[in-house]
Amino acid sequence: MIKRYFVLATVAAALAGCGSSVKLDPPIQDSTATSTSGAGTGATAAGTQGQGAGQSSVAPVQVGGSSADVAGPSGVDRVIYFDYDSFVVQPAFQSVVDQHARFLQANRGRSVVLEGSTDERGSREYNLALGQKRAEAVRRALTLVGATDAQVEAISFGEEKPAVTGSGEGAYAKNRRVELRYR
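All figures in this text were calculated on a predicted structure; none of them were measured in a lab.

Asks: In this structure, what is going on with the pairing of strand β2 (residues 112-117)? I would like to understand it.
Replies: Two faces, one strand: in a regular strand the side chains alternate between the faces of the sheet. In terms of burial, β2 is largely enclosed, as 6 of its 6 residues are buried. Of the two faces of β2, the one holding Val112, Leu114 and Gly116 and the one holding Val113, Glu115 and Ser117 are both buried throughout. In this sheet, strand β3 (residues 152-158) lies alongside β2 in parallel orientation, the contact comprising 6 bridges. Each bridged residue has a counterpart across the sheet, and for Val113 the counterpart in β3 is Glu153. The parallel pair β2 and β3 is bridged by helix α6 (residues 124-145), and the resulting crossover is right-handed. One ladder, built from 6 bridges, connects β2 with strand β4 (residues 177-182); its direction is antiparallel. When the sheet's bridge partners are listed, Leu114 is paired in β4 with Leu180.

Written as structure tokens, this is what we have:
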């Protein structure tokens with residue numbers, strides 16, 4: 001009987017710990033709507049909401065890709081391809097890795113995101129894990145040559161962002177990749 005109460009108390013404590021008082025709809029939308037509702041009311045709303053109410057500390061996202069996004073070593077490939085079901089960087093791509101690592105070593109203020117991808121074969125979970133392993137393999141190779149861990153971020157898209165659509169080996173080979181995107 002005591003075990004039953006202990007189990008119930010443990011489950012209740014676990015469920016209480018899962019609760020959150022964080023509101024999912026932040027009031028940012030309301031203040032934006034008030035400050036942009038009109039020329040006369042925007043100034044009044046900003047004055048009543050406090051200093052800097054219309055200002056945001058969040059940096060805007062650049063969608064179209066600027067020259068800073070694409071800057072990196074010129075004339076060097078930005079895609080590393082992998083064999084089927086493998087996350088080993090092939091020797092054919094070692095010179096690409098070396099050139100990117102030297103660029104990052106010479107430009108310590110720059111960073112790169114490694115986007116790991118797979119073809120469509122395999123489960124979604126497996127492909128996400130394989131894409132992450134591919135990105136991490138390139139990250140390790142970059143840091144061995146001279147880039148720092150702080151400059152390199154490895155992420156996985158799995159099968160979600162194919163470079164080429166299709167179900168043939170040619171399409172699959174183009175989708176098994178890591179793309180380097182500079183920031």
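Asks: Sorry, what's going on with the nonpolar core here?
Replies: Counting 23 residues, the largest nonpolar core has Ile80, Val89, Val112, Leu114, Val138, Leu142 and Val152 as its most contacted members. At the level of secondary structure, the elements contributing two or more residues to this core comprise α5 (94-106), β2, α6, β3 and β4.

Asks: Even after reading the chapter, I still don't get the side chain of Gln151, so can you show me in this structure?
Replies: Structurally, the position occupied by Gln151 is in the loop between α6 and β3. For Gln151, a relative accessible area of 3% puts it in the buried group. At 3.2 Å, the side chain of Gln151 and the side chain of Arg108 are in polar contact. With residues up to four places along the chain from it excluded, the contact list for Gln151 reads Leu104, Asn107, Arg108, Arg110, Ser111 and Val112.

Asks: What exactly am I supposed to notice about the sheet that holds β3 here?
Replies: The sheet built from 4 strands is open, its strands ordered β1-β4-β2-β3 with mixed pairing. Both outer strands of the open sheet, β1 (79-81) and β3, are each paired with one neighbouring strand and no more. For this sheet, the mean inter-axis angle between neighbouring strands, taken without regard to orientation, is 20°. In this fold α5 packs onto β1, β2, β3 and β4, with an angle of close to 20° to the strand it touches most, β4. Relative to β3, α6 is tilted by about 155°, and along the sheet it contacts β1, β2, β3 and β4.

Asks: It is not clear to me how the confidence of the model for the protein should be interpreted in this structure. Could you clarify?
Replies: As a general rule, the predicted coordinates of low-pLDDT regions are not to be interpreted in detail. Predicted confidence across the protein gives a mean pLDDT of 77, with 62% of residues reaching 70 or more. Taken as a whole, residues 18-53 scores under 50 in pLDDT and shows 7 contacts with residues more than four places along the chain or in a different chain.

Scoring rules and cut-offs
- Residues numbered from 1 in each chain as written.
- Predicted model: local features only at pLDDT ≥ 70, side-chain atom pairs only at ≥ 80, totals over all residues.
- Heavy atoms only, no water.
- Buried < 20%, exposed > 50% of the residue type's maximum accessible area, 1.4 Å probe, protein only.
- Helix = DSSP H or I, 4+ residues; strand = E, 2+ residues; numbered from the N terminus.
- Pairing = 2+ DSSP bridges.
- Right-handed = clockwise from strand over helix to strand, strands pointing away.
- Core = buried A, V, L, I, M, F, W, Y, C linked by side-chain atoms within 4.5 Å.
- Polar contact = N/O pair within 3.5 Å; in protein donor to acceptor, adjacent residues only side chain to side chain.
- Contact = heavy atoms within 4.5 Å.
- Axes fitted to C-alpha atoms, helices over the stretch in contact; angles between N-to-C directions.
- pLDDT = per-residue confidence, 0-100.

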